[in-house]
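Fold and geometry: a report
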Amino acid sequence: MLIVNHLPESPANVDVYIQGKLERFSESDFFKQYQVKGINRILLTEFTSLIQSKLLSNHKLSNLTPDDRTFIRFSLEKNNAQIGNNYLVLPIVEKGQDSGEHGYKAPKLSTKSALIFKAKKVLNHLSYHSIQQLITKKELIFSNSVGNISDILSLKSELVSRYRFSRPNLTEQQIIESGVGIVWFEWVGYVDKNEKVQYLSH
């Protein structure tokens, strides 16, 4: 097992590349450093598809619309985000695994252009039928999520793809039947090139 910063690979720690160097922090220290209550990890390709990621890379941070600020995060079964708290959203540059042949394998993350969001609304243990009702009532718009989720079918496909690797003990059917957790986030800040938290103006 690779020891980094005197810490073992563990679900209680965070493995993250900072300016190209792999660092490892306890979750509590990492959250404190970036002034957040938690993190959401997203594959790099999905992270770069976010409208907020594109706006930040193009330095277009003025006159943001509510849609520009909204990010909808889908998780298997539930998301532990709490309304009113800030969360760091950052890319996965190397996949991890919750359990498997060799035990826990931490995902490797990156703080480069990481985004900070405030949780505005959380719904957990939703069936796909319930999600369809949210769409019908226009309470859920897929364009506010990652680029490869555009409808119910692609949402199922994305969650199966994501969790079949990280949770190999679950079958495809078990993943689908586990339901979905959804968080509506509002973009409030980002991590700059000097590793400093910057907040957006309102």
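Placed above this text is the structure.
Values in this document were obtained by computation on a predicted structure and should not be read as measured data.

Scoring rules and cut-offs
- Residues numbered from 1 in each chain as written.
- Predicted model: local features only at pLDDT ≥ 70, side-chain atom pairs only at ≥ 80, totals over all residues.
- Heavy atoms only, no water.
- Helix = DSSP H or I, 4+ residues; strand = E, 2+ residues; numbered from the N terminus.
- Contact = heavy atoms within 4.5 Å.
- 1 Å grid on protein atoms, 1.4 Å probe; cavity = no way out; pocket = protein on both sides within 12 Å on 5 of 7 lines; lining within 4 Å.
- Points joined across faces, edges and corners; volume = space filled by probe spheres on them.
- Nonpolar A, V, L, I, M, F, W, Y, C, P; charged D, E, K, R; others polar.

Once that is clear, we can look at the side chain of Glu158. By the element assignment, Glu158 lies in helix H6 (residues 152-166). The contact partners of Glu158, leaving out residues within four places of it in the chain, are Glu46, Asn148 and Ile149.

This paragraph deals with the layout of surface pockets. Roughly 960 Å³ of internal volume is contained in the largest pocket. If you trace the largest pocket, you find 33 residues lining it, with Arg41, Arg73, Asp98, Tyr163 and Arg167 closest to the centre. Residue assignment for the lining of the largest pocket shows that the elements contributing at least two residues are helix H1 (27-33), strand S3 (38-43), strand S4 (70-76), strand S5 (86-94) and H6. If you tally residues by element for the lining of the largest pocket, the top one is S3, at six residues. By residue class, the composition of the lining of the largest pocket is 13 nonpolar, nine polar and 11 charged. Considering only enclosed or pocket space, the second largest pocket measures out at about 240 Å³ in volume. Lining the second largest pocket are 16 residues, with Lys112, Ser113, Val191, Asp192 and Lys193 sitting closest to its centre. Counting only elements with at least two residues in the lining of the second largest pocket, the list comes to strand S1 (13-18), helix H3 (51-57) and strand S8 (180-191).

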